[in-house]
Amino acid sequence: MLSHFLSFPRMRESSFRHAAKPPEKKNWIPACAGMTLLLLSASAQAEPAFARLYKQQYGYTPSCNACHKDGGGTPNNAYGQQFKDAGESLAAYGKIAALDGDGDGIKNADEAAAKSNPGDAKSTPASKGAWLDTASLIPREVQALFPGVREYLPRDALLTETDIARAKALGALLSKSDENTIYIPLADRKPAGTALIFPAQYKGKVFFLLLTTDRQLNITSVAPLNATQVPEAKKSKVYAGFKGVAVDKLPPATGTGVDAAIAAAVKKAGTLIYVRLKNA
Ligand SMILES: [Ca+2]
């Protein structure tokens with residue numbers, strides 16, 4: 001039973017700051033050693049590509065909320081959109097430096113230099129707020145699904161060529177654009193499951209879904225998270241059918257309706273979790 005538990009090849013505790021209270025590794029590793037957790041074997045890569053770029057440009061790792069409305073995987077805020085529109089590269093920071101993404105009267109580059117959030121009008125150089133604190137950066141919707149959990153490990157789901165090949169073998173076509181953050185709730189410092197917020201597309205419109213699993217990577221829930229643009233996604237009855245399915249055993253999506261769009265996105269999300277958290 002526990003031998004099928006999560007393992008984390010190629011990952012280390014992220015310096016990307018979502019965790020309410022990052023666990024101390026000294027306590028964390030021995031507590032999990034019997035459960036095939038391999039946090040120590042991780043490689044150097046851990047931060048999402050865009051966070052690394054931000055750090056390269058401004059000298060510190062931002063919170064996901066620099067570019068996202070409510071944590072990694074949620075829709076872009078205005079600054080995130082400007083960055084995306086400018087090409088999502090190191091050069092993009094220069095292109096959007098003089099803009100004011102969040103409309104708080106301070107230019108993007110000045111905000112970033114002052115360590116206030118260029119994507120949140122409530123954070124300014126004069127009043128930066130807690131956006132870089134580790135507290136309260138886990139999306140509320142995720143926290144609601146794990147009542148009682150006070151600690152989370154964010155895992156940056158960066159995809160290697162091997163991951164992409166493994167995903168393809170499982171029937172899911174993943175690409176770099178599917179890179180995301182996997183939230184891992186901790187109970188008594190042990191992973192209690194996973195949560196992932198990810199986009200789906202229907203008739204050219206994007207909506208977001210939240211998938212959770214138990215610690216053996218069986219799906220416990222799939223629900224629309226931000227689907228105001230796609231009311232059909234809110235009304236769909238397909239969600240309950242995912243419950244109990246192992247993330248690597250999701251059937252391929254068939255058909256063309258909103259249910260198929262949801263199934264296709266869930267297939268990709270489940271496979272992403274699997275290839276990133278399970279040993280090859
Ligand atoms: Ca701001």
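**Focus on the overall build of the protein**
- Looking only at helices and strands, one finds nine helices and six strands in the protein.
- Across the 280 residues of the protein, 41% fall into the buried class.
- Considering only contacts within the protein whose residues lie at least 6 apart along the sequence, 61% involve residues at least 24 apart.

**Concerning unusual backbone geometry**
- Of note in this structure, lysine 115 is not a glycine but carries a positive phi near 60°.
- Mapped onto the elements, lysine 115 comes out in the loop between helix 5 (108-113) and helix 6 (140-145).
- Look at aspartate 188: it is not a glycine, yet its phi comes out positive at around 50°.
- Its location among the elements puts aspartate 188 in the loop between strand 2 (180-187) and strand 3 (190-191).
- Residue classification places aspartate 188 among the exposed positions, given that 7 C-beta atoms sit within 10 Å.

**Observations concerning the nonpolar core**
- Judged by nonpolar contacts, the single largest core of 47 residues is most densely connected at Leu209, Ile262, Ala265, Val266 and Ile273.
- Of all the secondary structure elements, the ones that give two or more residues to this core are strand 1 (151-157), strand 2, strand 4 (194-202), strand 5 (205-213), strand 6 (219-226) and helix 9 (258-277).
- Ranked by residue count, the leading element in this core is helix 9, at 13 residues.
- Discounting chain neighbours no more than four positions away, the residues touching isoleucine 273 are Ile182, Thr194, Leu196, Thr213, Leu217 and Val247.

**Some thoughts on the environment of lysine 267**
- Mapped onto the elements, lysine 267 comes out in helix 9.
- Linking lysine 267 and lysine 249, residues 18 residues apart in sequence, is a C-alpha distance of 8.8 Å.
- If we ignore the near neighbours within four places in the chain, the residues touching lysine 267 are Gly171, Ala172, Leu250, Pro252 and Ala253.

**Examining helix 7 (residues 161-169)**
- For helix 7, the complete set of buried residues consists of Asp163, Arg166 and Ala167. Each buried residue of helix 7 lies within a common arc of 100° when the element is viewed along its axis, so the set occupies one face. Exposed positions of helix 7 whose direction lies more than 90 degrees from the buried face are Glu161, Thr162 and Ala169.
- Where the residues of helix 7 are buried, they touch helix 9.
- Following helix 7 by one or two positions, glycine 171 has its phi on the positive side, about 95°.

**Quick look at helix 3 (residues 78-85)**
- Those residues of helix 3 not exposed but buried are Tyr79, Gly80, Gln82 and Phe83. The buried residues of helix 3 all sit within an arc of 160° when viewed along its axis, so they share a single face.
- Looking at the buried residues of helix 3, the elements they touch are helix 4 (90-95) and helix 5.
- Trailing helix 3 by a residue or two, glycine 87 shows a phi angle of about 115°, which is positive.

Rules behind the numbers
Residues numbered from 1 in each chain as written. Predicted model: local features only at pLDDT ≥ 70, side-chain atom pairs only at ≥ 80, totals over all residues. Helix = DSSP H or I, 4+ residues; strand = E, 2+ residues; numbered from the N terminus. Buried ≥ 20, exposed ≤ 12 C-beta atoms within 10 Å, placed from the backbone. Contact = placed C-beta atoms within 7 Å. Core = buried A, V, L, I, M, F, W, Y, C linked by C-beta atoms within 7 Å. Arc of directions from axis to C-beta.

Take it as geometry only, folks, not as evidence of what the structure does.
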